[in-house]
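# A structural walkthrough
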Amino acid sequence: MTKAATDHPAAVELALPIEGMTCASCVNRIERFLKKTPGVEDAFVNLATEIATIRYLPEEAGRSELVAAVEAAGYDVRPGGSADAGAAELTADVLRAADAESGQRAEEARDLLTRALVAIGIGVGIMALMFLPVGLGMEDRNRLALIPATFIQAWAGGRFYRAAWRAARHLATSMDTLIAVGTSAAWGYSVAVTLWPELAMAAGREPAAYFDSSTIILGFVLLGRWLEARARSQAGGAIRRLLALEPPVARRLDGGAETDVPVAAVAPGDLLRVRPGDRVPVDGLVASGESAVDQSMLTGESMPVDVVEGSQVIGGTLNTNGTFVMRATRVGRDTALARIIELVQRAQGSKAPIQRLADRVSEIFVPVVLVGAALTFVAWLAFGPEPRLPFALTAFVSVLIIACPCAMGLATPTGIMVGTGRGAEAGILIRGGEALEAAHRVNTVVFDKTGTLTAGTPVVTEVTAAAGFDASLVLRLAAAVETGSEHPAGEAIVARARAEGIDVAADPVTEFRAVAGRGVEGTVLHDGRPRRVAVGTVAYLDGLGVATEPLRDALTPALAAGSGVAAVAIDGYAAGLLTLRDTVKPSAAGAVRELAAAGIDVWLLSGDARAVAESIAREVGIPADRVLADVLPDGKAAKIQALRDDGRIVAMVGDGVNDAPALASADVGIAIGTGADVAIEAADVTLVGGDPRDVATAIELSRSTMRVVRQNLAWAFAYNVILIPVAMGVLFPAFGLLLNPALAAGAMALSSVSVVLNSLRLRAARVRPPVERESRRAAAAVS
């Protein structure tokens, strides 16, 4: 779905688990029936997850109408499915319900394996009976094979007959149609020559049966289905691993007593104790205590993060060695873990544009194969060598079995499932197949400055004292008066003082006054002496009648470097200058280098003055001619569009509310996960940990995923293009080779399994740049 489609305020989204799909033609049929249902805005079906996601208007349609549409297409809906009015993502409750179905699917997989092994075993037995010297004539051998082969045809092949009949009732065909028709032809011919051998002999042919072929074909096809189910389960493992992060219980504090309660019973404001080795139950803030929390599964950050009073903690992360009490702030579907699961599930169930080609081909593939198989049969019967009927039957069955398009149906969704799951494990959340495909084509990345390449909060980098004043005293008195301020610059001054061991509470402040956007002043009692202190802009001090000329020498280079300044006056005299900067993230320069190494142009977009923006750009390695400065919030989207109009494929990286329009207008919007919720909702990719180096990682993961998808599609198409003519018998005139139907069944199963296994290679994809791993090792060694 497009970004615009997911923003419709009146629409409801429903996830329906579908039963009976086998190939891409099944997907297309269900989508067509759903989309023509009144009230349905959009629908897509994922073969790998077996889930149909429908966006519809509740006043025009309901769940019953949608289920009826699926059933009219010839398929069943498993119990379950959930709608969420006005929400774009499926809830975590839906995912838990889907996870609860794993037991049923495991039982189905066991049934597939049982039927496959029994069918293969009986088929091998029949083959031995037919060819080993057991002292029986052909007619007696056929009679002995009739009953077990017929049992397998009904018991193991029943699922194919039922599915083929459902499709036929609606004048449609599917992969099951090919299998049902092919094995029925082999079995039916064998029954005829067994019951009426004189017909074959009258035609001058030995009454040879193909019970072994029909039975082994069914066994191989079922074995392939079982292998596919196993491989799909591995491909979707990221969801289960994320679900396993949520602890079942939390230890709630109530009036001094501690009680274990289900996590679902935790409400915002509850106090919870987290002991060493516990998983944090929900999102919240540390109320008391301190520890180190391992956030690697959610953010990709390999080193535990220290938490103290006031620190934010994320549900599902692992407490290591300390005990702390936290206050719950977000619970249930509002937690970061629940939102991550929602995004991953949506991504894995989405459809990439590249899949449309496979869908269009598969839609007409089965009818074409049926016609081709019939023509093959007629050609062999008319022009083939004697005995013509067995040759014609062999070629007919081989064409039907070898042509099953299941590999084409699995080529794209399995790649998307594994790729997005691998990204989620590293804290890179890709919204869906469309975003994944767009990301691999990106050749220009535009970074917002504040909070993306920089920390987003100012720090005091230098304290300069004017003549007659001591720098330590200037910082101490400025921090004392700033304790009453909530301005980020004031917090930075207080933080610098505390970092230097100054007790900012030791000097009481009276007569405090703040002037918004200009500065603060107050009387500080220091060493028993009242000192009148003012901190703010130079213009603010000028307005107070302070002569600021002594600060000019320090002020000019600070402004030229793009730094902010806070001037300090003590007792009416200019006392010093505090230089403030929004410091660059340690990983920012590495992020720019990695993107440049990947052939991607990097730009900087900022609302700050050009001097400030160019200073940050120099520090991280972005050329000055790729700096877009002095851009107002409503102008950021226009700048992105201008780059796109220039023929670039643009990814925008931001974290703030004012970045949301630019994120939405880019080809790919990438949100820093530590930023505002609205930015995350507008983005195609979310970096949970906030590391800008993950931008390069996300693009490389996208490229790897699309490379695997193309390999899958190439294999699936080549398999059919090459082997269908072989099954028809093109090699027979020159080499005397005709494909055995049982081998055709094995090759068909191998094709599907190979596509899934190729997708699983993405689980080993590199999701951390080597430079990051080395820097972390070095940091760990130092600590």
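Refer to the structure printed above.
Note on numbering: residues in each chain are counted from 1, in written sequence order. Local features in this predicted model are restricted to residues whose pLDDT is 70 or higher, and side-chain atom pairs enter the listing and the counts only when it is 80 or higher, whereas totals over whole chains, interfaces and linings include all residues. Side-chain measures here rest on the full set of heavy atoms in the structure, leaving out hydrogens and waters.

Let us look at the pairing of strand β23 (residues 601-605). Accessible area is worked out with a 1.4 Å probe on protein chains only. A residue is then buried under 20% of its type maximum, exposed over 50%, and partly exposed in between. Helical segments are the DSSP runs of H or I of at least four residues, strand segments are the runs of E of at least two, and each set is numbered from the N terminus. Of all five residues making up β23, four are buried, and the element is well covered by its neighbours. Where β23 lies against strand β24 (residues 627-628), two bridges are found, and the strand directions are parallel. Along β24, the bridge assignment pairs Leu-604 with Val-627. What joins β23 to β24 is helix α23 (residues 610-620), and the crossover it makes is right-handed. A pair of strands is labelled paired if DSSP reports no fewer than 2 bridges between them. Convention used here: a crossover is right-handed provided that the path from the first strand, over the helix, to the second strand proceeds clockwise when the strands point away from the viewer.

Sheet topology note: the strand β6 (residues 249-254)/strand β7 (residues 257-262) ladder contains six bridges and is antiparallel. Directly across from Val-249, in β7, lies its bridge partner Pro-262. Taken together, β6 and the strand that follows it, β7, pair antiparallel across an intervening segment of two residues, in which Gly-255 is found at a positive phi of about 60 degrees. Relative to strand β8 (residues 271-274), β6 is paired through three bridges, and the arrangement is antiparallel. Residue Arg-251 lies in a different strand from β8, and its bridge partner there is Arg-273.

The next subject is the sheet that holds strand β9 (residues 283-289). An order of β7-β6-β8-β14-β9-β12 is seen for the six strands of this open sheet, with the pairing classed as antiparallel. The sheet terminates laterally at β7 and β12 (312-313), the two strands that pair on one side only. When β8 meets strand β14 (residues 324-330), the two strands line up antiparallel, connected through four bridges. Across the sheet, the residue bridging to Arg-273 is Val-325, located in β14.

Let us look at helix α5 (residues 138-155). A helix is expected to reach a length of 1.5 Å times the quantity of its residues less one. Taking 1.5 Å as the rise per residue, α5 with 18 residues should run 26 Å; its terminal C-alpha atoms sit 26 Å apart, in good agreement. Bend angle per residue: angle between axes fitted to the 7 residues ending at that residue and the 7 residues starting there. Maximum bend of α5: about 35 degrees, positioned at Leu-146, with proline Pro-148 one to four residues after it. Restricting attention to buried positions, one finds in α5 the residues Arg-141, Asn-142, Ala-145, Leu-146, Ala-149, Ile-152 and Gln-153.

Next up on the list: α23. Regarding α23, the residues found buried are Ala-613, Ser-615, Ile-616, Ala-617 and Val-620. Note on definitions: a residue-residue contact is assigned when non-hydrogen atoms from the two residues lie within 4.5 Å. Each element contacted by the buried residues of α23 is listed here: α17 (449-453), β17 (454-465), β22 (573-584), α22 (588-597), β23 and β24. Downstream of α23 by one or two residues, Gly-621 has phi in the positive range, about 95 degrees.

All right, on to the nonpolar core then. Nonpolar side chains in soluble globular proteins generally cluster together in the buried interior. Core analysis: the biggest nonpolar cluster contains 81 residues, and Leu-16, Ile-18, Met-21, Ile-30, Leu-34, Ile-54 and Phe-211 have the highest contact counts within it. The greatest single-element share of this core, amounting to eight residues, is contributed by helix α7 (residues 175-195). Setting aside residues no more than four positions away along its own chain, Ile-54 makes contact with Val-12, Glu-13, Leu-14, Leu-16, Leu-34, Val-40, Asp-42, Ala-43 and Leu-66. Buried residues of nine kinds, namely Ala, Val, Leu, Ile, Met, Phe, Trp, Tyr and Cys, make up a nonpolar core once their side-chain atoms join them within 4.5 Å. Counting residues in hydrophobic clusters, the runner-up holds 39 residues, among them Leu-604, Ala-613, Val-653 and Ile-672.

The three strands are arranged β11-β10-β13 in an open sheet whose pairing can be described as antiparallel. In the strand order of this sheet, the two ends are held by β11 (305-307) and β13 (318-319), each with one partner. Pairing geometry for strand β10 (residues 291-294) and β11, over three bridges, is antiparallel. Looking at β11, one finds that Ala-292 is bridged to Asp-306.

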